[in-house]
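# Working through the structure, step by step
Residues per chain, in single letters:
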Amino acid sequence: MRARDIPPSAWIGIIGITVTAGAAVFAPYVAPYGEREIVGDIWEPMSSTFLLGTDNLGRDLLSRLIYGARTTLAVALAASVLSFSIGITLSFIAAATRGVVDQGLSRLNDLMMSIPTLIFALVLLAVLPQSVWVLILVMAVLDSTRVFRLGRAIALDISVMEFVEAARLRGERTIWIIFREILPNALSPLLAEFGLRFAFSILFLSTLSFLGLGIQPPTADWGGMVKDNKDGIIFAVSAALIPGAAIATLAVCVNLVVDWLLKRTSSLKGGRDDG
Amino acid sequence: MADFFTVRDLRIAAKVYPPGERPRDMEIVSGVSFSLEKGKVLGLIGESGAGKSTIGLAALAYGRGGIRITGGEVLLDGEDIVTFSKRDIRRLRGARVAYVAQSAAAAFNPAHRLIDQVVEATLLHRLMDRPSARARAVHLFEVLGLPDPDHFGDRYPHQVSGGQLQRAMTAMALCPNPELIVFDEPTTALDVTTQIDVLAAIKHAIRETGTSALYITHDLAVVTQIADDIMVLRNGQTVEYGTVSQIIEAPKEDYTKALIGVRKSRETEATDQSGTLLKVENVTAAYGNGVPVLKDISLHLPKGQTLAIVGESGSGKSTLARAITGLLPPSDGRILFDDEVLPALQKRRSKDQLRRIQLIYQMADTAMNPRQTVSQIIGRPLTFYFGLRGREKARHIAELLDAIEMGEGFADRYPGELSGGQKQRVAIARALAAKPDLILCDEPTSALDPLVAEGILDLLMRLQRETAVSYLFITHDISIVRALADSVAIMLNGRLQRFGPKSQVLLPPFDDYTDLLLKSVPEMRIGWLEEVLKSRHITSAGN
């Protein structure tokens, strides 16, 4: 894989993700003001002192956007990693053992999926104590139901292949079959799905924050920033649109990269050689 | 008579994508020339990658994938179809030149009745009106020997057998009365007993309609029966071109001689019946629906010998292997291995019992994890059964690679980077790594080209001499049985039809099915097909 083999669309995505991730990691160095510092008037327009203007409390919007990238990316990433760990492990166990275990896990999964995700999340978050870890856990568990379905479908396809049968005949344990025979072959579609799920996690977190059950103020996060500044729209203040645009841009960037990954993995399989 | 189809210095290139390099054009057919008279059949023969299908499709001015015709002429009635416009090509295909694919099951649309698909091209090209097209289709069904020709077309593709479908496809090609038909391995996917019927039907239909044909196959014996001329191809180049009798009776090139000479019989057989390794006693087995696929099978295999299990698809021969491995526990009967009763379920068997029975699959592609290197594939049984690691393991892997006649350079390759024959060799090495007493071979050579298959069989025989391993060899190819079996079991519809030492099973008196099976094996002899058809007692069960 060389740089020039990557299509331009994927480059745009990669650059977008890199910039966001860079801003998140180096926030204290690149942000002009502090995260919670009130530095000006309410909803000041864009100027040379405040590049993107100020928010509903007079905090610098650019600084909050940069610090917000931290929370948003970290929480979304943690939730995605956790949901994939749960989803893949359970779905592969279900596919590799079949029978009662598969039935139990799959029906439980169906049950979870039958409740609308957002309402389920709102109920859980309202009942459970408010902390970032609970938030991540709730997001991960709810998202893992989707991963479970995909993982089970992929693993079922692979587990009927003869090389898995050969491993079973050798007397290998289920754990070996899952992690050495099935997982390496399921990796590329799962990786692509991971990118997609990550984008959904960002959106989901933003939705929760907007509804007041996600990241709690005064910590900056993109969804919460939209909520804080939404009243400004009535007065023709664009402050709410900027974090909204950031969410949209990041989601698009992630999807550009995912599209490219998907195309790459599918073209690996699609090759035909005829006589 | 003047030649009506002529190919002159045909060159075809394909875009290849070598890993780590820029895509480039590679010539896959270089400078092939032949000509065909009206009503004659030319057989194109060669191993996979020889370019025979590509040449066949060039007759329809078609190239699969990134394939382009880069030079030469394809003259049909004096017109060069390579230079045709898109519109002219559309008029040509299906009307003047027709194509019969290898897998009829995949080529028919399952949602439409056969008759509608058979007459489709004829109606599309406005060659006839619907009633006369139907009448012609029915006539062709009759010529091709299909049952109840008047109503055969009312069925859907899944309601007829594979052999019938292949003949329906031939009818589809013949219906618009084309000048040329391209047959692309039409009988390769069929059982021998079915193949002979389809072959006879195609031959009869070609005679009857006076059309010309290109017949593509890798089986020299098949093409001998049907073709007037034969062209042997290798790596996109002509090896030898002549009439059937020239090629079969007096081949000039070494490659052609090798093709004709493959599989000389080994007439000897081991007669020592002591020391039974595997004993199957009255085994009956069924899949989920309860219909038994194996009915009361009893057979035995002495140590260090080969038992061949023969039968057409659906006869239960692979199911027997599944029962022996414990993947499908028998509902009745028992299996003894080295005088011990094997637990019916694979999960209940000890590690040592599992080690002593290994399996080689038909498709080496799917039998190996594509994300593991050769050394990982071969090395795992070494670690798993014998706890070998590090240098000791590497030494054993090198030995095994040596045993399968592949160098150590292959150790770090992935299965995707190996040829079909090499993959099967690695699969053999994986089985061998467990130091088994019995290897179940499930048609290990049927997906391979004849010369490659010959190499694999030689390897298996050599390994048997060196390690005294026993083989249970599942096959539908009688010539393999003749070449390497000590004893033979013939299966039909889940029952054991005949079992015993090779010399007894393959010598008369035969029961009707064995007679049919043995006579259906194509022989490389002109006029064989006609002889056989005259002398048969029963027709194929499935046809």
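Residues numbered from 1 in each chain as written. Chains lettered and ligands numbered in written order. Predicted model: local features only at pLDDT ≥ 70, side-chain atom pairs only at ≥ 80, totals over all residues. Heavy atoms only, no water.

Our next topic: the overall build of chain A. Along the backbone of chain A there are 10 helices and zero strands. Tracing chain A from N to C terminus, the helices and strands come up as α-α-α-α-α-α-α-α-α-α. Projected onto its principal axes, the C-alpha positions of chain A cover 75 × 50 × 30 Å. With the model as given, the accessible surface of chain A reaches about 13,600 Å², and the carbon-plus-sulfur share is 69%. The average position of the 22 basic charges and that of the 22 acidic charges among the side chains of chain A differ by 6 Å. (Helix = DSSP H or I, 4+ residues; strand = E, 2+ residues; numbered from the N terminus. Areas by Shrake-Rupley, 256 points an atom, 1.4 Å probe, with all protein chains shown as cover. Lys, Arg positive; Asp, Glu negative; His and termini not counted. Charge placed at Lys NZ, Arg CZ, Asp CG, Glu CD.)

Taken together, the side chains of B:Lys86, B:Arg87, B:Arg90 and B:Arg91 define a basic patch exposed on the protein surface. Within the secondary structure layout, B:Arg87 lies in helix H2 (residues 86-92). (Patch = residues over 30% accessible without salt bridge, like charges linked within 9 Å, V, L, I, M, F, W, Y side chains within 5 Å. Salt bridge = Lys/Arg side-chain N within 4 Å of Asp/Glu carboxyl O.)

Let us look at the interface of chain B and chain A. Contacts between the two partners involve 27 residues from chain B, matched on the other side by 20 residues from chain A. Taking both sides of the interface into account, the surface hidden between chain B and chain A amounts to around 2,100 Å²; carbon and sulfur atoms contribute 49%. The largest contributions to the chain B side of the interface with chain A come from B:Tyr361, B:Arg371 and B:Arg380, which together make up 26% of the buried area. Our enumeration of links across chain B and chain A arrives at two salt bridges. In this structure, the salt-bridge partner of A:Glu172 is B:Arg380, at a minimum N-O distance of 2.6 Å. At the boundary of chain B and chain A, one finds 10 residue pairs in polar contact (both at pLDDT 80 or more). Secondary-structure elements contributing two or more residues to the side of chain B that touches chain A are helix H1 (52-58), helix H12 (317-325), helix H14 (364-367) and helix H15 (374-386) of chain B. (Contact = heavy atoms within 4.5 Å. Buried area = accessible area lost by both parts, 1.4 Å probe. Polar contact = N/O pair within 3.5 Å; in protein donor to acceptor, adjacent residues only side chain to side chain.)

Right, let's get into the domain arrangement of chain B. Residues and elements named next belong to chain B. Here the domain parsing of chain B yields domain 1 (38-63 + 83-261) and domain 2 (276-372 + 416-507). Each of domain 1 and domain 2 has a C-alpha centre, and these two points are 34 Å apart. Of the roughly 700 Å² buried between domain 1 and domain 2 on both sides combined, carbon and sulfur atoms contribute 54%. Looking at the side of domain 1 facing domain 2, the largest losses of area belong to Glu47, Asp191 and His218, adding up to 51% of the total buried there. Viewed at the interface, domain 2 and domain 1 are joined by zero salt bridges. (Domains from an automatic or database assignment.)

The subject of this paragraph is helix H7 (residues 162-170) of chain A. Across the nine residues that make up H7(A), a large majority, seven, are buried. By the burial criterion, the buried members of H7(A) are A:Phe163, A:Val164, A:Glu165, A:Ala166, A:Ala167, A:Leu169 and A:Arg170. (Buried < 20%, exposed > 50% of the residue type's maximum accessible area, 1.4 Å probe, protein only.)

Turning next to the pattern of salt bridges. If you walk through the whole model with that rule in mind, you get 34 salt bridges over all chains. The partner of A:Arg170 in a salt bridge is A:Glu172, with the nearest N and O atoms 2.5 Å apart. A:Arg170 gets classed as buried once you look at its relative accessible area, which sits at 7%. Residue A:Glu172 is classed as buried on the basis of its relative accessible area, which comes to 8%. We note a salt bridge from B:Lys317 to B:Glu443, for which the minimum N-O separation is 3.6 Å. Of this pair, B:Lys317 sits in helix H12 while B:Glu443 sits in the loop between strand E17 (438-442) and helix H18 (450-467); the two residues are 126 residues apart in sequence, bridging distant segments of the chain. No difference in accessibility class separates B:Lys317 from B:Glu443, as the two residues are buried. A single salt-bridge network, built from bridges that share partners, covers B:Lys303, B:Asp338, B:Arg356 and B:Asp437.

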